[in-house]
Amino acid sequence: MQPYIVGLTGGIGSGKTAASQWFEQQGIIVVDADIVARQMVQAGQPALAKIRATFGAWVLLDNGELNRAALREYIFSHADAKKQLEAITHPLIRAEIETQLQRANSPYVILVSPLLFETQQNRLTQRNLLIDTPEELQLQRASQRDQQAVSQIQSIIAAQMPRHQKQALADDIVLNDADLAHLYAQLQPLHTHYLQLARLKPLS
Ligand code: ATP
């Protein structure tokens with residue numbers, strides 16, 4: 001039977017991981033699009049062979065792994081390269097996400113993805129939850145977590161879908177602007193609701 005799938009998204013440092021870990025503690029299986037994307041370009045994976053064939057041997061490190069830094073820099077200065085790369089990786093990522101979602105055997109399943117709306121992964125979901133966080137908190141939390149420069153995080157936020165657009169696309173919005181207890185307290189009623197929806201709407 002098709003599982004009931006809830007998409008979970010938010011910008012950098014918004015609290016997606018914190019929220020997904022809470023759902024996991026409630027026994028809900030979480031499929032993480034970022035983890036799948038990383039697995040897809042591991043040494044020996046077909047996606048990596050295609051990337052090498054498209055861009056050249058320089059995309060690989062000596063140990064056969066993807067040279068992420070070099071590819072990131074190349075994409076920055078070559079407008080078409082990002083599209084070429086996505087044309088290779090996105091279908092493979094989507095197929096693996098679908099496999100993992102189908103395999104999930106919890107009452108409902110969560111697909112967590114920073115690009116849920118941008119890459120149309122929301123076509124796979126029945127409902128979408130946005131972890132919505134004011135930009136100054138995103139900057140503060142992400143820079144503390146990653147030791148990354150604030151300016152670097154600012155440019156990532158600028159490249160992501162604006163908050164108001166995500167708000168318009170989401171069915172549920174959690175404002176993550178206080179402590180973790182406040183976040184979890186907002187997730188609890190949503191979890192109850194999703195359990196109910198999953199029971200009411202079994203999909204064939
Ligand atoms: P990314 O897209 O960059 O992976 P994310 O959306 O998964 O980020 P998290 O890693 O969950 O975000 O949160 C960013 C940091 O902020 C983490 O260190 C997390 O523990 C912390 N954090 C999240 N929510 C809160 C909160 N309500 N109070 C305090 N710290 C928080």
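Keep in mind that this is a model prediction, so the values were computed, not measured.

Structural notes on the site of the ligand
1) Next: In the vicinity of the ligand, 14 residues are found, and the nearest of them are Lys16, Thr17, Arg145, Asn176 and Ala178.
2) Next: Here an oxygen atom of the ligand sits 3.0 Å away from a polar atom, N or O, in the main chain of glycine 15.
3) Next: Considered on its own, the ligand offers 630 Å² of accessible surface; in the complex 75% of this is hidden by protein.
4) Next: Put simply, the parts of the chain that give the shell around the ligand at least two residues each are helix H1 (16-25) and helix H6 (135-146).
5) Next: Of the residues forming the shell around the ligand, the biggest block, three residues, is contributed by H1.
6) Next: Here the shell around the ligand is composed, by residue class, of four nonpolar, six polar and four charged.

Describing helix H2 (residues 33-40)
1) Next: For H2, the full list of buried residues reads Ala33, Val36 and Met40. Mapping the buried residues of H2 onto a view down its axis gives an arc of 60 degrees, with all of them on the same face.
2) Next: Buried residues along H2 sit against strand S2 (29-32), helix H3 (46-55), helix H5 (79-103) and strand S3 (109-112).
3) Next: Two or three places before aspartate 34, at the start of H2, stands the capping residue aspartate 32, its side-chain oxygen 2.8 Å from that residue's backbone nitrogen.

What counts, and where the lines are drawn
- Residues numbered from 1 in each chain as written.
- Predicted model: local features only at pLDDT ≥ 70, side-chain atom pairs only at ≥ 80, totals over all residues.
- Heavy atoms only, no water.
- Near = heavy atom within 4 Å.
- Polar contact = N/O pair within 3.5 Å; in protein donor to acceptor, adjacent residues only side chain to side chain.
- Areas by Shrake-Rupley, 256 points an atom, 1.4 Å probe, with all protein chains shown as cover.
- Helix = DSSP H or I, 4+ residues; strand = E, 2+ residues; numbered from the N terminus.
- Nonpolar A, V, L, I, M, F, W, Y, C, P; charged D, E, K, R; others polar.
- Buried < 20%, exposed > 50% of the residue type's maximum accessible area, 1.4 Å probe, protein only.
- Arc of directions from axis to C-beta.
- Contact = heavy atoms within 4.5 Å.

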